[in-house]
Amino acid sequence: MILSGFHAVEERVRSAAENPASAAKMKILFSKPGPRVKKILELAKSAGIHCEQSDNKTLDQMADEHRGIVLEIQGQDTAASNVVDFDAWLERFKTARDGQEGQKRTTVVILDSVTDPHNVGAVLRSADQFGAALVLLPERRGANDIAQNEVIARASAGAASWVPVSVVTNLVRAAQQLKDAGFWIYGADAGGVQVQDGTFAQNSVLVMGSEGSGIARLLKEQCDTIVSIPTCGRIDSLNVSVAAGVLLYEIYRQSLLNKQ
């Protein structure tokens, strides 16, 4: 796998610093070491990642937009450290819920058959910025290769190395498990409660549907509420990643109000 882009490379290097086995499979190639490249090289050397100076011609052959630095990761089975087992994550949530008073707000995002890796990356970026605890992706019918997909890494601006992600075989079953654990499920679609008029529960699941057909019927039936974003444009809908960002911000905004 080849990663390029300052944000994507830097955040994967930071993540590798906590996982020596992962760092051993990585190598950085760079051309002219400008200030940003020098910063990344310092982090990489501290993490034990081999760094090697090259030339732009070589980097051009490895990546289209490299900004003078690329990260090469050996091995097709390289797993990202933030990819977690859903059942184990849910058990940890239940333990924290049962053992702590005043448990903090927990937000989960479900991406139902979102196939464009740019959209998945952008949602991960919003999930990082607005404090989502987990993003759930389907094993089939969706872009889900967080560890190996360069487009996801670039579009997420590095968040793909940090936001906890689970890939599950059945999103409907996962949504039911979350409901059983005390989460309220909110599906994003037209014709629902306008987001400014609604209140998100302390433990919320935000379901975003695919770019073309929206939320699948069986998954939509799991939703407690459908929420909509009021718009005034001429086209019929927002991009799924933009809509996710708006809704995640609203969930985060409400959490800030509750702290006052």
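Predicted, not measured: the structure shown is a model, and the values here were computed from it.

Draft legend 1. Spatial organisation of unusual backbone geometry. Even without a glycine there, the phi angle at Ser113 is positive, about 60 degrees. Tracing the backbone through its elements, the reader meets Ser113 in the loop between strand S5 (106–111) and helix H6 (117–129).

Draft legend 2. The nonpolar core, seen in detail. Judged by nonpolar contacts, the single largest core of 30 residues is most densely connected at Val109, Leu111, Val120, Leu124, Val135, Met208 and Leu247. Sorting the residues of this core by element identifies S5, H6, strand S6 (134–138), strand S8 (184–194), strand S9 (203–208) and helix H10 (240–259) as the ones contributing at least two each. Looking at which element gives the most residues to this core, the answer is H10, with six residues. Excluding its chain neighbours within four sequence positions, the residues that come into contact with Leu111 are Val120, Val123, Val135, Leu136, Leu137, Pro138, Leu171 and Met208. If you look at the next biggest cluster of nonpolar residues, it comprises 22 residues, including Met1, Ala8, Phe30 and Leu71.

Draft legend 3. Spotlight on the packing of aromatic side chains. Scanning all chains against the criterion turns up six aromatic pairs. Between Phe93 and Phe183 the ring centres are 4.6 Å apart and the planes differ by 40 degrees, which places this aromatic pair in the tilted class. One end of the pair, Phe93, is in helix H5 (residues 86–99); the other, Phe183, is in the loop between helix H8 (171–180) and S8, and 90 residues separate them in sequence. Both residues of the pair, Phe93 and Phe183, count as buried. Both rings, one in Phe130 and one in Tyr252, keep their centres 6.0 Å apart while their planes meet at 40 degrees; by these two values the pair is tilted. In this pair, Phe130 is assigned in the loop between H6 and S6 and Tyr252 in helix H10, connecting sequence segments 122 residues apart. A relative accessible area of 25% places Phe130 in the partly exposed class. By relative accessible area, which is 33% here, Tyr252 ends up partly exposed. Members of the aromatic cluster, connected to one another through ring pairs, are Trp89, Phe93 and Phe183.

Draft legend 4. Representation of the pattern of salt bridges. Overall, the coordinates contain eleven salt bridges when judged by the stated rule. In this structure, the salt-bridge partner of Arg36 is Glu10, at a minimum N-O distance of 3.1 Å. Taken together, the residues span a long stretch of sequence, with Arg36 in helix H3 (residues 35–47) and Glu10 in helix H1 (residues 6–16) at a distance of 26 residues. Under the relative-accessibility criterion, Arg36 is labelled partly exposed at 28%. Salt bridges sharing partners connect three or more residues here, namely Glu10, Glu11, Arg14, Arg36 and Lys39.

Criteria and thresholds
Residues numbered from 1 in each chain as written. Predicted model: local features only at pLDDT ≥ 70, side-chain atom pairs only at ≥ 80, totals over all residues. Heavy atoms only, no water. Helix = DSSP H or I, 4+ residues; strand = E, 2+ residues; numbered from the N terminus. Core = buried A, V, L, I, M, F, W, Y, C linked by side-chain atoms within 4.5 Å. Buried < 20%, exposed > 50% of the residue type's maximum accessible area, 1.4 Å probe, protein only. Contact = heavy atoms within 4.5 Å. Phe/Tyr/Trp six-rings, centres within 6.5 Å; stacked < 30°, edge-to-face > 60°. Salt bridge = Lys/Arg side-chain N within 4 Å of Asp/Glu carboxyl O.

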